[in-house]
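Per-entry structural report
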Amino acid sequence: MEPLFDMLRHPLQAGAMRFRTKARLLSMAAAMPGAELFERCYRRRTALQRSVLIDCAAGIKMINRLQRLAGLNVQSAKVLELGCGCSPVCAVLLSLLGAERIVLTDARPLLELADLDRVLEKFGKRLHLIAEELDAYEPLLDSRWRILRAGKSMEQILDSGRIEYLAPTELDDTGLQAGAYDVVCSRNVLEHVPEFELPGMLAESMRLLRPGGFAYHIVDLSDHFSHRDRSINRLNFLRYSDRRWAALGQNRIFYLNRLRSGQIVQMISEAGMQILHVEQQSDPRDIEFLRSLDLPERFEGMQREELAVHNIHVLAVKPSY
């Protein structure tokens, strides 16, 4: 299995050719016997390659926005995260801040003790920075961190942190109590959900929230192959028609719906949520890259500025009426 991973990381071709090589290898792996094991290994390897500190920065931004723009009292909050994967960063941050209850859900059981240990180890060296960013009392964060760190098993750590892990769970039909949560959030999840499934998932989030509760979604709109290969532009995958993209980049191991920022925001709004804040991240150089492409029909009529957005934070509220 390692040689295949090495091929995925170090193909010989450059740019778009490297993308096609990687995509074909993943499609081949998805069709092979034992694809479920490979998928688990691939997702875990991808998660471990990401920086805990980058994930932490995103989590801090989310909590800051919920506190300052939405007025959320984290200490009394009940929070549900959709698709936590192998990176329990937000759950640990919320636990350190004293959140009343944190529920992690995922379509597949990926979280392991090593993931919690990795996050706790990194956070232990940066509690003063976390306290400063979130306007929290550092000695209290340290006390809660020590309680979590004392856990010898995943179950002990989760229990001491008031964290519940539910996987596998159908994210569009969790079976959880309606109106029981103050916040439903996701981080780098919505881009992996097929477009026709997203309305059901967002409707379920709406059902789970109490009236006046908040949704917060961080969505990575970039070509994920570009994350570890700088020869691939982060908007490279927009060059392909739907048919070509389905053949290249859609399988159980690697899936991106290629929705753009306006479409994501519209779908959240159509689920019944009121949009409070949207932050869009883009790079002028990517707009120039898009001008060099002959864009397929799917993206005709969209402004280059919208197509170039590669990351968004969306804060929304469930109306109280």
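What counts as what
- Residues numbered from 1 in each chain as written.
- Predicted model: local features only at pLDDT ≥ 70, side-chain atom pairs only at ≥ 80, totals over all residues.
- Heavy atoms only, no water.
- Helix = DSSP H or I, 4+ residues; strand = E, 2+ residues; numbered from the N terminus.
- Buried < 20%, exposed > 50% of the residue type's maximum accessible area, 1.4 Å probe, protein only.
- Contact = heavy atoms within 4.5 Å.
- Areas by Shrake-Rupley, 256 points an atom, 1.4 Å probe, with all protein chains shown as cover.
- pLDDT = per-residue confidence, 0-100.
- Pairing = 2+ DSSP bridges.
- Right-handed = clockwise from strand over helix to strand, strands pointing away.
- Salt bridge = Lys/Arg side-chain N within 4 Å of Asp/Glu carboxyl O.

Attention shifts here to the overall build of the chain. The helix and strand tally for the chain stands at 14 helices and seven strands. By residue count, 54% of the 321 residues in the chain fall in the buried class. Contacts in the chain between residues far apart in sequence, at least 24 positions, make up 80% of those at least 6 positions apart. Here the chain displays about 14800 Å² of accessible surface, and carbon together with sulfur accounts for 51% of that area.

Counting all residues, the mean pLDDT for the chain is 87, and 83% of those residues have values of 70 or more. Low pLDDT, under 50, characterises residues 1-15; the predicted model gives this stretch 28 contacts beyond four residues in sequence or across chains.

Right, let's get into the pairing of strand E1 (residues 78-82). Looking down a regular strand, the side chains alternate between one sheet face and the other. Among the five residues of E1, four are classified as buried, and the element is accordingly described as predominantly covered. Note that E1 and strand E2 (residues 101-105) share five bridges and pair parallel. Each residue of the ladder has a partner; that of Leu82, found in E2, is Thr105. With respect to chirality, the unit in which E1 leads through helix H5 (residues 89-96) into the neighbouring parallel E2 is right-handed.

For the coordinates displayed, the defined rule picks out 16 salt bridges. Among the salt bridges present, the one from Arg258 reaches Asp242, with a minimum N-O distance of 2.9 Å. Residue Arg258 is found in the loop between helix H11 (242-249) and helix H12 (261-270), and its partner Asp242 is found in helix H11; the two are separated by 16 residues along the sequence. When its relative accessible area of 2% is taken as the criterion, Arg258 is described as buried.

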